[in-house]
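Observations on the three-dimensional arrangement
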Amino acid sequence: MFKAIILVGGPSRATRFRPLSLDIPKPLFPVAGIPLLSHHLAALSKVDGLQEVLMIGFFENSVLSGYIDEASTVFPHLNIKYLREYQALGTAGGIYHFRDEILKGNSQQFFVMHADVACTFPLNEMIKTHMKHRGLCTILSKKIAREQAMRYGCLVADHTTKEVLHYVEKPDNFISDLISCGVYLFDIAVFTEIKKAIDRKKDEDAMIDSFSSFVDGKLSLERDLLRPLSGAREMYVYVTDGFWKQIKTAGSAISANAAYLEMQFHQNSDRLAYTKQEGPEIVGAVFIHPSAQVDPTSKIGPNVSIGPRVTIGKGVRVKDAIILDNVNIGNFSCVIHSVIGWNSRIGAWARVEGNSASDDNEEMMKNGVKLQSITILGKEVSVLDEIIIRNCIVLPHKELRSSHHSQILM
């Protein structure tokens, strides 16, 4: 028997995901046509013996209640609950706070997943690895480019035994190109180690400030728990060859969208669109919601998801893009490397485009200069006929009457 914890965060987070997170919590943002959390649930639904999923965060209950009702219908054999923290407790603090709920039943192991990751989620393979070594934790890991590794938790593991010898969260110097993917499988005995971590943190705080108190303070899974577990030789690694993306910025949703669509394309998923005699030309992996209206003279793809009630006119070209609900794209327009926000309108012969990002999680701006190369249109943005918007972030409710390049339009 297994349980799963999804760490969903709260409203004070996702500032780098703006302007998209102004209208929807990042965990519910549609990627490849479904909310980001639904990809996690789809993977968890394939784990034998896993019947309960607990989402932990500090959003208001009303923010997630509607989604959980819908998800419970899509995944009827999963008991999905939301546990709200009374304040931000940290990634390990929230888990420990709700330990009684996690320990209910006969589960001996539980998954922990960050909501802002996209990957193939090889959960059954992690279980097989975990049952062989029987340490307290199995961590999902992936090798990435050396120059990017220091932006994540890095680990050093024994090549033969897969035992993690050393773990550092976002090190100052290069340690390893093997990083944490934010997906873990724990034995329930880990709660003893979390309690030790809390006691250590109390002692550290007391040394700094004799008046401080750690009671239910923030405790980080990565900084306060994983490093001691590696030092105690209680953590092992499963290295995945599948894709992995961290979704921190609005631009990173584009690459996550592409990765999920391409995975489904190679699986010959029947939810994807394909070229038909009476329909538009489809290139590669494309999702089109059944309620969308796409003119047969348009060309769509690869790596495009089109949401509900979207209307796409004659001769339109869309590539590497997320088109959200109720968008209207006028005749002979072009949308490339962009996210088009809800209820937005793009006029005829207009062009909205970004460039393929070399680093999906690059900051939106630095020293007042825009860095991200993806174009993002917020909710209810209007782009008039024959306007070019290139490499721009556009906040909601704007009407663009002139062309813009590499700007943040407020």
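Residues numbered from 1 in each chain as written. Predicted model: local features only at pLDDT ≥ 70, side-chain atom pairs only at ≥ 80, totals over all residues. Heavy atoms only, no water.

A short note on the confidence of the model for the chain
- When pLDDT is averaged along the chain, the result is 90; 92% of the residues meet or exceed 70.
- Counted against residues more than four places away or in other chains, residues 210–216, with its pLDDT under 50, gives 11 contacts. (pLDDT = per-residue confidence, 0-100. Contact = heavy atoms within 4.5 Å.)

Observations regarding the packing of aromatic side chains
- For the coordinates displayed, the defined rule picks out 11 aromatic pairs.
- For the ring pair Phe2 and Phe111, a centre distance of 6.3 Å and an interplane angle of 40° mean the geometry is tilted. Of this pair, Phe2 sits in strand β1 (residues 2–9) while Phe111 sits in strand β6 (residues 109–114), and the two are 109 residues apart along the sequence. Of the two residues examined, Phe2 and Phe111, each falls in the buried class.
- Grouping aromatic residues by their ring pairs yields a cluster made of Tyr96, Phe110, Tyr184, Phe186 and Phe191.
- The ring of Tyr96 carries Arg99 above its face, with NZ or CZ at 4.0 Å from the centroid.
- The ring of Phe174 carries the charged tip of Arg146 above its face, separated from the ring centre by 3.7 Å. (Phe/Tyr/Trp six-rings, centres within 6.5 Å; stacked < 30°, edge-to-face > 60°. Helix = DSSP H or I, 4+ residues; strand = E, 2+ residues; numbered from the N terminus. Buried < 20%, exposed > 50% of the residue type's maximum accessible area, 1.4 Å probe, protein only. Lys NZ or Arg CZ within 6 Å of the ring centre and 35° of its normal.)

Thoughts on the pattern of salt bridges
- A complete count under the given rule lists 15 salt bridges for this structure.
- For Glu101, the salt bridge is made with Lys104, and the minimal N-O distance between the two is 3.4 Å.
- By relative accessible area, which is 48% here, Lys104 ends up partly exposed.
- Between Arg390 and Glu353 there is a salt bridge whose closest N-O contact spans 2.5 Å. Note that Arg390 is positioned in strand β29 (residues 388–390) and Glu353 in strand β24 (residues 351–353), a separation of 37 residues in sequence.
- In this structure Arg390 comes out as partly exposed when scored by relative accessible area, which is 28%.
- The exposure class of Glu353 is buried, given its relative accessible area of 11%. (Salt bridge = Lys/Arg side-chain N within 4 Å of Asp/Glu carboxyl O.)

Looking at the side chain of Lys3
- Note that Lys3 resides in strand β1.
- Among the polar contacts listed, one links the side chain of Lys3 to the backbone oxygen of Ile102, at a separation of 3.2 Å.
- A polar contact is formed between the side chain of Lys3 and the backbone oxygen of Lys104, at a distance of 2.8 Å.
- Among residues more than four places away in sequence, those in contact with Lys3 are Leu50, Glu52, Glu101, Ile102, Lys104, Ser107, Gln109, Phe110 and Phe111. (Polar contact = N/O pair within 3.5 Å; in protein donor to acceptor, adjacent residues only side chain to side chain.)

Digging into the pairing of strand β22 (residues 334–340)
- Of all seven residues in β22, seven are buried; the element is thus mostly enclosed.
- Where strand β20 (residues 317–323) lies against β22, six bridges are found, and the strand directions are parallel. The residue bridging Arg317 from the neighbouring strand is Cys334, located in β22.
- Where β22 lies against β24, three bridges are found, and the strand directions are parallel. In the strand pairing of β24, Cys334 is matched with Arg351.
- Direction of pairing for β22 relative to strand β27 (residues 375–377): parallel, over a ladder of three bridges. Within β27, the position partnered with Ser338 by the bridge is Thr375. (Pairing = 2+ DSSP bridges.)

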